[in-house]
Amino acid sequence: MSSEATRGYDRDDTRELFRLLRETGDEQYRERLSELHLPLVRYLAKRFADRGEPLEDLVQVGSVGLMKAIDRFDLEREVKFSTYATPTIVGEIKRYFRDSGWSVRVPRRLQELSLRLGKATARLRQDLGRSPTVAELAAELGVSEDEAIEAYDASLAYSTGSLDAKVGTSEDGATLGEMLGDEDARLDQMEYFASIAPAVADLDEREQRIIYLRFFQAMTQSQIAEELGISQMHVSRQLTRTLRFLRARQDDPDATF
């Protein structure tokens, strides 16, 4: 991951703040975790910055995903928080593009709250020198965080764009619809991949190569055998042995062949 995404914190800082948050429930630790990982949110939001929405709006949406990840993170899992949070943040941004693409009838209560939200956002950004968090906006408005998020979503309901609109100035450029991808099913597996990474690191180079070709390149055993210049039977035996080892390490980190 880019140094831009991880600037300002390290894993020990993060785990200590999570420990204090879980033990005390003090919101200052939750806010500190949010501040430390805001560069990660900005880094991920920049991936979507060419889709016609202001970067700061995408950062605010991504921050909602960050707060959800903070609330759900389990310290017992040997996974970096940034690895765990990334799918949640990206999913929140993608959901924003999906759900805000159509005009809807907004209740007057939300219309009024969304107007107040816009003014409060500008006021707090000037006072704080940065974009306010959802918690800060909710406190400023005297509403719950869910209501603040609902009002923010409502403020986007009037702005729609065509999926056939060209991205950029070139007539041959892709349309917005072509740029919107599907959910990557592998995102749900990131935590699992991270948990087996130490075991994979203990494999030799050929074993790692076979695992990569089979499960990341979706190659058949015959194709792998041809790629490596060995027999298909050898590939089959190696896969069986390697997968047995990885499963054993999942159950017992000290397991060996």
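Conventions used here
Residues numbered from 1 in each chain as written. Predicted model: local features only at pLDDT ≥ 70, side-chain atom pairs only at ≥ 80, totals over all residues. Heavy atoms only, no water. Helix = DSSP H or I, 4+ residues; strand = E, 2+ residues; numbered from the N terminus. Buried < 20%, exposed > 50% of the residue type's maximum accessible area, 1.4 Å probe, protein only. Contact = heavy atoms within 4.5 Å. Areas by Shrake-Rupley, 256 points an atom, 1.4 Å probe, with all protein chains shown as cover. Phe/Tyr/Trp six-rings, centres within 6.5 Å; stacked < 30°, edge-to-face > 60°. Expected span 1.5 Å × (residues − 1). Arc of directions from axis to C-beta. Patch = residues over 30% accessible without salt bridge, like charges linked within 9 Å, V, L, I, M, F, W, Y side chains within 5 Å. Salt bridge = Lys/Arg side-chain N within 4 Å of Asp/Glu carboxyl O. UniProt positions renumbered as here; feature names shortened; annotations may be inferred. Core = buried A, V, L, I, M, F, W, Y, C linked by side-chain atoms within 4.5 Å. Domains from an automatic or database assignment.

- The name an unreviewed UniProt entry gives the protein is RNA polymerase sigma factor SigB, with Euzebya pacifica as the organism.

1. Looking at the overall build of the protein
- From N to C terminus, the protein includes 14 helices and zero strands.
- Scanning the protein from its N terminus toward the C terminus, one meets helices and strands in the order α-α-α-α-α-α-α-α-α-α-α-α-α-α.
- The buried share among the 257 residues of the protein stands at 36%.
- Contacts in the protein between residues at least 24 apart in sequence constitute 60% of all its contacts with a sequence separation of at least 6.
- A total accessible area of about 15500 Å² is found for the protein, and carbon and sulfur atoms account for 48% of it.

2. Some details on unusual backbone geometry
- Of note, the phi angle at Ala-218 is positive, near 55°, even though the residue is not glycine.
- For Ala-218, the position within the fold is in the loop between helix H12 (205-215) and helix H13 (221-228).

3. A word on the packing of aromatic side chains
- Under the definition given, this model contains five aromatic pairs.
- When the ring of Tyr-212 is compared with that of Phe-216, the centres are 6.0 Å apart and the planes differ by 15°; the resulting orientation is stacked.
- The partly exposed category is assigned to Phe-216, whose relative accessible area is 40%.
- Taken together, the ring pairs connect Phe-18, Phe-73, Phe-81 and Tyr-84 into an aromatic cluster.

4. Describing helix H14 (residues 232-251)
- For H14, built from 20 residues, the straight-helix expectation of 28 Å at 1.5 Å per residue is met to within 8% by its first-to-last C-alpha distance of 29 Å.
- The complete set of buried residues in H14 reads Val-235, Gln-238, Leu-239, Thr-242, Phe-245, Leu-246 and Arg-249. The buried residues of H14 occupy an angular sector of 135° when the element is viewed end-on, so they sit on one face. Residues Met-233, Arg-237, Arg-244, Arg-247 and Asp-251 are exposed on H14 and point more than 90 degrees away from its buried face.

5. A look at a nonpolar patch on the surface
- The grouping of Tyr-212, Phe-215 and Phe-216 at the surface amounts to a nonpolar patch, some 300 Å² of accessible area in total.
- Turning to its location among the elements, Phe-215 is positioned in helix H12.
- Look at Phe-215 and you get partly exposed, because its relative accessible area is 48%.

6. Focus on the side chain of Gln-60
- With respect to the secondary-structure elements, Gln-60 resides in helix H5 (residues 55-72).
- Gln-60 gets classed as buried once you look at its relative accessible area, which sits at 12%.
- When residues no more than four places from it in sequence are discounted, the contact partners of Gln-60 are Thr-121, Arg-125, Ser-131, Leu-137 and Tyr-152.

7. Some details on the UniProt feature "domain: RNA polymerase sigma-70" (unreviewed entry) in the protein
- Mapped onto the present numbering, the UniProt feature "domain: RNA polymerase sigma-70" (unreviewed entry) falls on residues 57-70.
- In residues 57-70, the share of helix is 100% and the share of strand is 0%. The end C-alpha atoms are 20 Å apart.

8. Description of the nonpolar core
- Core analysis: the biggest nonpolar cluster contains 37 residues, and Phe-18, Leu-58, Ile-70, Phe-81, Ile-89 and Ile-93 have the highest contact counts within it.
- Ranked by residues supplied to this core, first place goes to helix H6 (residues 81-99) with eight residues.
- For this core, the domains that each give at least three residues are domain 1 (10-101) and domain 2 (108-179).
- Setting aside anything within four residues of it in sequence, one finds Ile-70 in contact with Phe-18, Leu-21, Arg-22, Arg-30, Leu-33, Ser-34 and Phe-81.
- Among the nonpolar cores identified, the runner-up in size contains 13 residues, and Leu-213, Ile-224, Ala-225 and Phe-245 belong to it.

9. Focus: the environment of Ala-45
- Position of Ala-45 among the secondary structure elements: in helix H4 (residues 38-45).
- In this structure the C-alpha to C-alpha distance between Ala-45 and Ile-93, which are 48 residues apart in sequence, comes to 7.5 Å.

10. Details of the pattern of salt bridges
- Enumeration over the complete set of coordinates arrives at 14 salt bridges.
- Between Arg-123 and Glu-140 there is a salt bridge, and its shortest N-O distance comes to 3.1 Å. Here Glu-140 lies in helix H8 (residues 134-141) and Arg-123 lies in helix H7 (residues 108-128), a separation of 17 residues in the sequence.
- By relative accessible area, Arg-123 is classed as partly exposed at 39%.

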